[in-house]
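Reading the structure
Residue strings, one per chain:
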Amino acid sequence: MTDLALIDELMTLVEPGKVLTDAASLDAYGKDWTKHFAPAPSAIVFPKSIEQVQAIVRWANQHKVALVPSGGRTGLSAAAVAANGEVVVAFDYMNQILDFNEFDRSVVCQPGVITQQLQDFAEAKGLYYPVDFASAGSSQIGGNIGTNAGGIKVIRYGMTRNWVAGLKVVTGKGDVLELNKDLIKNATGYDLRQLFIGAEGTLGFVVEATMRLDRAPNNLTAMVLGTPDFDSIMPVLHAFRARLDLTAFEFFSDKALAKIMGRGDVPAPFATDCPFYVLLEFEASNEEVANDALATFEHCVEQGWVLDGVMSQSEQQLQNLWKLREFISETISHWTPYKNDISVTVSKVPAFLKDIDAIVADNYPDFEVVWYGHIGDGNLHLNILKPQNLSKDEFFAKCATVNKWVFETVEKYNGSISAEHGVGMTKRDYLTYSRSPVEIEYMKAVKAAFDPNGIMNPGKIFAVE
Ligand code: MLT
Ligand code: ZN
């Protein structure tokens, strides 16, 4: 069959007008937020039902057509990029909340439900969907599950995985599976649900997800603290953790703050200039908790770990403090950053940071380096900004040479080359720094079981063989 005849056949599987091949759509739906690869899909298809997804997968198997799942395309590892003539399967029309159960505290979502839509729905029910990050306004639940999205509340609530009660999937073979049936307790062998979480769409499509909700937090309160150096950040974490249940513990550097101040729409936290800043959050459910937080702050100042600080006194101040951290990624995207998303266990952070800092100082003396991340989870985002005089390709090539040193250090500390953004295509060649060759063979065997023809998001996580 010619390519045109294939697309004509694809059109018969969905509603009229739900296959697009115009240049603007191919460009928009063929990429995520990474800038490494040029989008080149052959078509975009928008299913409206599980049956249609199943028909698309069967068609793809029959004709050996590669499929790329597409959610909000806010990913940072090129897992949703279609650069090789694939057909993109976009879930924009499967975006409904289908059911809510107040006793199970669960919500049945189609994959195209926007994260914020679920958060707002939970709030309207007096509950809370705690997975949160800056792209919550556009990312979709299906994509969050595909990457096991983390974000800014992991220290308290964990990753997306913790909130998935059950999944309906269409496997790469075209079978529909109902995984875990939303149970809390289910000791019936392999939990296949977990395999689909973080699989980056390489095993099949998530076509329905039951997400759990939590009780709404009580009087969330944030502090931003300035520290004199990198070394003071972890003692501050331990001091606060000893007295409070933290809902967030983030950090960012002076360079990150300078970029945010450059926007002109976010107030400075305080006047003192500090090399690093911590943003922590807790539920100030009563006066005692707030007093404990202030006493801990004073202790940190006495120890010399903190130079200055501020505590939110209103919802507006809480939001403004969060902007200091949440706006970083979008703000620095104008400098085409080379991004790293690395993690180690919390106890190893101080030694790991020293090693990474030395590599950065030795190898990037001329580049602007912006640090931030979820340091309370041991997760650092190291962003190298592109100087204007270098082309994107030259710049990325230079950064890739430094990767070796960064990832060898990650391996030395038994860390992860991708804490939350996923492997996709940008980290694919480095997977062996975090996963052993034997482990990767088992992973490939799992993929072959669900997707024997290799039609599901080929080239993501592993190279096509
Ligand atoms: C963040 O923590 O802001 C996100 O992971 C995005 C990023 O790393 O740029
Ligand atoms: Zn992050």
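Residues numbered from 1 in each chain as written. Chains lettered and ligands numbered in written order. Predicted model: local features only at pLDDT ≥ 70, side-chain atom pairs only at ≥ 80, totals over all residues. Heavy atoms only, no water.

Looking at the overall build of the protein chain
- In terms of helices and strands, the protein chain carries 15 helices and 18 strands.
- Here the protein chain has a C-alpha radius of gyration of 23 Å; the compact-globule value for 465 residues is 23 Å, and the two agree.
- Here the C-alpha coordinates of the protein chain stretch approximately 75 × 55 × 45 Å along the principal axes.
- Relative to its full complement of 465 residues, the protein chain shows a buried share of 55%.
- Counting only contacts in the protein chain whose residues sit at least 6 apart along the sequence, the fraction spanning at least 24 positions is 74%.
- Put simply, the protein chain shows about 19,900 Å² of open surface, and 50% of that area lies on carbon and sulfur atoms. (Helix = DSSP H or I, 4+ residues; strand = E, 2+ residues; numbered from the N terminus. Rg over C-alpha atoms; globule rule 2.2 N^0.38 Å. Buried < 20%, exposed > 50% of the residue type's maximum accessible area, 1.4 Å probe, protein only. Contact = heavy atoms within 4.5 Å. Areas by Shrake-Rupley, 256 points an atom, 1.4 Å probe, with all protein chains shown as cover.)

Section: the pairing of strand S10 (residues 204-212)
- In terms of burial, S10 is a largely internal element, nine of the nine residues being buried.
- Bridge analysis of strand S6 (residues 106-109) against S10 gives four bridges, and the strand direction is antiparallel. Of the residues in S10, the one forming a bridge with Ser106 is Arg212.
- Pairing analysis gives seven bridges linking strand S8 (residues 164-171) to S10, with the strands arranged antiparallel. Paired with Thr171 across the two strands is Gly204, which belongs to S10. (Pairing = 2+ DSSP bridges.)

Side note on the domain arrangement of the protein chain
- What the domain assignment lists for the protein chain is domain 1 (4-93), domain 2 (97-215), domain 3 (220-329) and domain 4 (336-437).
- Between domain 2 and domain 4, the C-alpha centre-to-centre distance is 28 Å.
- Across the boundary between the two partners, domain 2 contributes eight residues, which contact nine residues of domain 4.
- Overall, the association of domain 2 and domain 4 removes approximately 560 Å² of surface from exposure, summing both partners, and the carbon and sulfur fraction of that is 44%.
- By the criterion of area lost to domain 4, the three top residues of domain 2 are Gly151, Ile155 and Glu200, representing 57% of everything that side buries.
- In this structure, the connection of domain 2 to domain 4 is made through zero salt bridges.
- Our enumeration of links across domain 2 and domain 4 arrives at five residue pairs in polar contact (both at pLDDT 80 or more).
- Its residues assigned to classes, the side of domain 2 that touches domain 4 comprises four nonpolar, three polar and one charged. (Domains from an automatic or database assignment. Buried area = accessible area lost by both parts, 1.4 Å probe. Salt bridge = Lys/Arg side-chain N within 4 Å of Asp/Glu carboxyl O. Polar contact = N/O pair within 3.5 Å; in protein donor to acceptor, adjacent residues only side chain to side chain. Nonpolar A, V, L, I, M, F, W, Y, C, P; charged D, E, K, R; others polar.)

What about the site of ligand 1?
- All residues adjacent to ligand 1 are Leu76, Arg325, Ser329, Lys339, Tyr372, His374, His381, Glu420 and His421.
- The separation between an oxygen atom of ligand 1 and a polar side-chain atom of His381 is 3.1 Å.
- Between ligand 1 and Glu420 there is a distance of 3.0 Å, counted from an oxygen atom to a side-chain nitrogen or oxygen.
- For ligand 1, whose free accessible area comes to 260 Å², the fraction covered by protein is 88%. (Near = heavy atom within 4 Å.)

Overview of the coordination of the zinc ion (ligand 2)
- Protein coordination at the zinc ion (ligand 2) comes from His374 (NE2), His381 (NE2) and Glu420 (OE), with a distance range of 1.8 to 2.1 Å.
- For the zinc ion (ligand 2), the single-chain donor residues occur in sequence as H-x6-H-x38-E. Residue His374 shares its accessibility class with His381, and that shared class is buried. (Donors = N, O, S within 2.8 Å, 3.2 Å for Na, K, Ca; no water.)

Quick word on the UniProt feature "domain: FAD-binding PCMH-type" (unreviewed entry) in the protein chain
- Following the UniProt record, the feature "domain: FAD-binding PCMH-type" (unreviewed entry) maps to residues 37-216 here.
- Secondary structure across residues 37-216 divides into 22% helix and 25% strand, with the first and last C-alpha atoms of the span separated by 41 Å. (UniProt positions renumbered as here; feature names shortened; annotations may be inferred.)

Observations regarding the layout of surface pockets
- Estimated volume of the second largest pocket: approximately 670 Å³.
- Forming the walls of the second largest pocket are 30 residues, and the residues nearest its centre are Gly198, Ala199, Arg435, Met443 and Ile461.
- For the lining of the second largest pocket, the leading source of residues is helix H15 (residues 437-450), giving five residues.
- In terms of residue class, the lining of the second largest pocket is built from 14 nonpolar, 10 polar and six charged.
- The residue makeup of the lining of the second largest pocket includes at least three contributed by each of domain 2 (97-215) and domain 4 (336-437). (1 Å grid on protein atoms, 1.4 Å probe; cavity = no way out; pocket = protein on both sides within 12 Å on 5 of 7 lines; lining within 4 Å. Points joined across faces, edges and corners; volume = space filled by probe spheres on them.)

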